[in-house]
Amino acid sequence: MCDRITTNSVWAETKTFFPLFFDYLEKQNKQISVCVIGASDGRFVVPLAKEGYTVVAIESDPTLLNGGIISVGKNKKIEILGLKKRLELENEFKNVKVISKNFLDMKVNFKVDAVFTSSTWDCSINHNRPVKEYIGKMQAIIKPKGIFCAEYMMPCEDKHKKIEHFIDEKQINKYFDKKWKIIDEFYTPVFNDLPHIGKEIEHIHRMGFFLAKNK
Ligand SMILES: C[S@@+](CC[C@H](N)C(=O)[O-])C[C@H]1O[C@@H](n2cnc3c(N)ncnc32)[C@H](O)[C@@H]1O
């Protein structure tokens, strides 16, 4: 990953295909507004803001937003700054609007050119609502000709197979009607991941990625 898009974050060591989204935005060569859903402590928000994009950051976890102590492994706790202080320190708060809410509970009254989300709809807080609602709500805030890019967790353990929020190969297009064109899509093999927030021990993951355009 090039330096511009490497950023300090509690998630910094985990896999992401965000640079593909970042490259795509750069090629558009115009002023773009981006909404990051599940902004966490700014892994994606900070580099987008630094590049001059207008960013709306939506995050429901108060510690990731305001800083504090989090657990990142068995008996391992760290203190984090949180998104708001990071933006202040980097002097990047002017073109970022931070919204401290559960995205599913928000009454959204804005539209953006692009939405990015990374492993959010599979979080347990969203399991009580259909994944179609989550994905549809993201699509609804994207302007015509806008971009929707997501990386997501695929089922790779038995327990995932019972939860529709872990979307399997070739299933993502079920959530897109003909107004959308999926222009890039791929899946990783199953890989090992180190402990991180929410997972205290080493574990396995499989990820999917897509970039879709609103026709
Ligand atoms: C598993 S983390 C993703 C981390 C990501 N891979 C990264 O590198 O930043 C998911 C983040 O999305 C947030 N999130 C999940 N569901 C959300 C919702 N409905 N509304 C707002 N934030 C949400 C969580 O609080 C968490 O910070």
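Let us look at the structure shown here. (Residues numbered from 1 in each chain as written. Predicted model: local features only at pLDDT ≥ 70, side-chain atom pairs only at ≥ 80, totals over all residues.)

### Let's talk about the environment of Ile-70
Here comes step 1: Along the chain, Ile-70 falls in strand β3 (residues 68-73).
Here comes step 2: Judged by the 19 C-beta atoms lying within 10 Å of it, Ile-70 is partly exposed.
Here comes step 3: Along the chain, Ile-70 and Val-10 lie 60 residues apart, while their C-alpha atoms are 9.3 Å from each other.
Here comes step 4: The residues contacting Ile-70, other than those within four sequence positions of it, are Val-10, Thr-63, Lys-77, Ile-78, Ile-80 and Ile-197. (Helix = DSSP H or I, 4+ residues; strand = E, 2+ residues; numbered from the N terminus. Buried ≥ 20, exposed ≤ 12 C-beta atoms within 10 Å, placed from the backbone. Contact = placed C-beta atoms within 7 Å.)

### Brief notes about the nonpolar core
Here comes step 1: Within the largest apolar cluster, 49 residues are counted, with the highest numbers of intra-cluster contacts made by Val-34, Cys-35, Val-36, Val-45, Val-55, Ala-57 and Val-115.
Here comes step 2: If you tally residues by element for this core, the top one is strand β7 (residues 142-153), at seven residues.
Here comes step 3: Those residues in contact with Ala-57, other than ones at most four positions away along the chain, are Val-36, Ala-39, Val-45, Leu-83, Val-96, Val-98 and Ile-99. (Core = buried A, V, L, I, M, F, W, Y, C linked by C-beta atoms within 7 Å.)

### Here's the deal with the sheet that holds strand β8 (residues 180-187)
Here comes step 1: Spatial strand order, β5-β2-β1-β6-β7-β11-β8: seven strands in an open sheet with mixed pairing. At either end of the open sheet lies a strand with only one pairing partner, and these are β5 (96-99) and β8. The mean angle between the axes of side-by-side strands here comes to 15°, regardless of whether they run parallel or antiparallel.
Here comes step 2: Relative to β5, strand β2 (residues 54-58) is paired through four bridges, and the arrangement is parallel. Within β5, the residue paired with Val-56 across the bridge is Lys-97.
Here comes step 3: This element, helix α5 (residues 131-140), spans β1 (33-37), β6 (112-118) and β7 of the sheet and lies at about 145° to β7. (Pairing = 2+ DSSP bridges. Axes fitted to C-alpha atoms, helices over the stretch in contact; angles between N-to-C directions.)

### A short note on α5
Here comes step 1: Buried within α5 we find Tyr-134, Ile-135 and Met-138. Buried positions in α5, seen along its axis, are confined to an arc of 90° and lie on one side of it. Away from the buried face of α5 by more than 90 degrees, exposed residues Lys-132, Glu-133 and Ala-140 are located.
Here comes step 2: Summarising the contacts, the buried residues of α5 are in contact with β1, β6 and β7. (Arc of directions from axis to C-beta.)

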